[in-house]
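Summary of structural features
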Amino acid sequence: MYLVRGHSNLATQEIFFRAGGLMHISAILDEGTLLSNGALRSMAIERTPGYGRIVIADQRLGANDVLILVNAYGINAALIDAALEARSRGSS
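Structural notes, computed from the coordinates. Only a predicted model underlies this, so the values are computations on that prediction, with no experimental measurement involved. (Residues numbered from 1 in each chain as written. Predicted model: local features only at pLDDT ≥ 70, side-chain atom pairs only at ≥ 80, totals over all residues. Heavy atoms only, no water.)

1. Let's talk about a nonpolar patch on the surface
On the surface, Tyr-73, Ile-75, Ile-80 and Leu-84 cluster together into a nonpolar patch covering about 420 Å² of accessible area. Locating Tyr-73 in the fold gives a position in the loop between β3 (67–70) and α4 (77–88). (Patch = residues over 30% accessible without salt bridge, like charges linked within 9 Å, V, L, I, M, F, W, Y side chains within 5 Å. Areas by Shrake-Rupley, 256 points an atom, 1.4 Å probe, with all protein chains shown as cover. Salt bridge = Lys/Arg side-chain N within 4 Å of Asp/Glu carboxyl O. Helix = DSSP H or I, 4+ residues; strand = E, 2+ residues; numbered from the N terminus.)

2. Digging into α4
Taking 1.5 Å of rise per residue, 12 residues should cover 16 Å, and α4 covers 16 Å from first to last C-alpha, within 8% of that figure. Buried within α4 are the following residues: Ala-78, Leu-79, Asp-81, Ala-82, Glu-85 and Ala-86. Down the axis of α4, the smallest arc covering the buried residues is 165°, so these residues share one side. Residues of α4 that are exposed and point over 90 degrees away from its buried face: Arg-87 and Ser-88. Looking at the buried positions of α4, the neighbouring elements they touch are α2 (39–46), α3 (51–59) and β3. Looking one or two places after α4, you find Gly-90, whose phi comes out positive at around 90°. (Expected span 1.5 Å × (residues − 1). Buried < 20%, exposed > 50% of the residue type's maximum accessible area, 1.4 Å probe, protein only. Arc of directions from axis to C-beta. Contact = heavy atoms within 4.5 Å.)

3. Brief notes about the side chain of Ser-91
Within the secondary structure, Ser-91 sits in the segment after α4. Of note is the side chain of Ser-91, whose polar atom sits 2.7 Å from the backbone oxygen of Gly-62. For Ser-91, the residues in contact, after removing those within four places along its chain, are Leu-61, Gly-62, Ala-63, Asp-65 and Ala-86. (Polar contact = N/O pair within 3.5 Å; in protein donor to acceptor, adjacent residues only side chain to side chain.)

4. Considerations on the environment of Ala-44
With respect to the element layout, Ala-44 can be found in helix α2. You can call Ala-44 partly exposed: its relative accessible area is 45%. C-alpha of Ala-44 to C-alpha of Gly-32: the two residues are 12 residues apart in sequence and 9.5 Å apart in space.

So this is what it looks like as structure tokens:
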């Protein structure tokens, strides 16, 4: 199971690598969307068409992977592109 997030990093980090967790989660912690690199920069990157496809391609997701997308808005280009790329690779 993989996890992608942008501005909503706190929600993502809350379920990542919990002791006693029922399933393995590999967080996709992309440097471009980390708030520690600048909130305005993160917001601009989340809105960049094609960025989410690059992130998913870099992770080599496949048909046996489940992708959980965490985002406060659900309408940013990076989030939508990540979902479409994961789907095209057979991930659910």
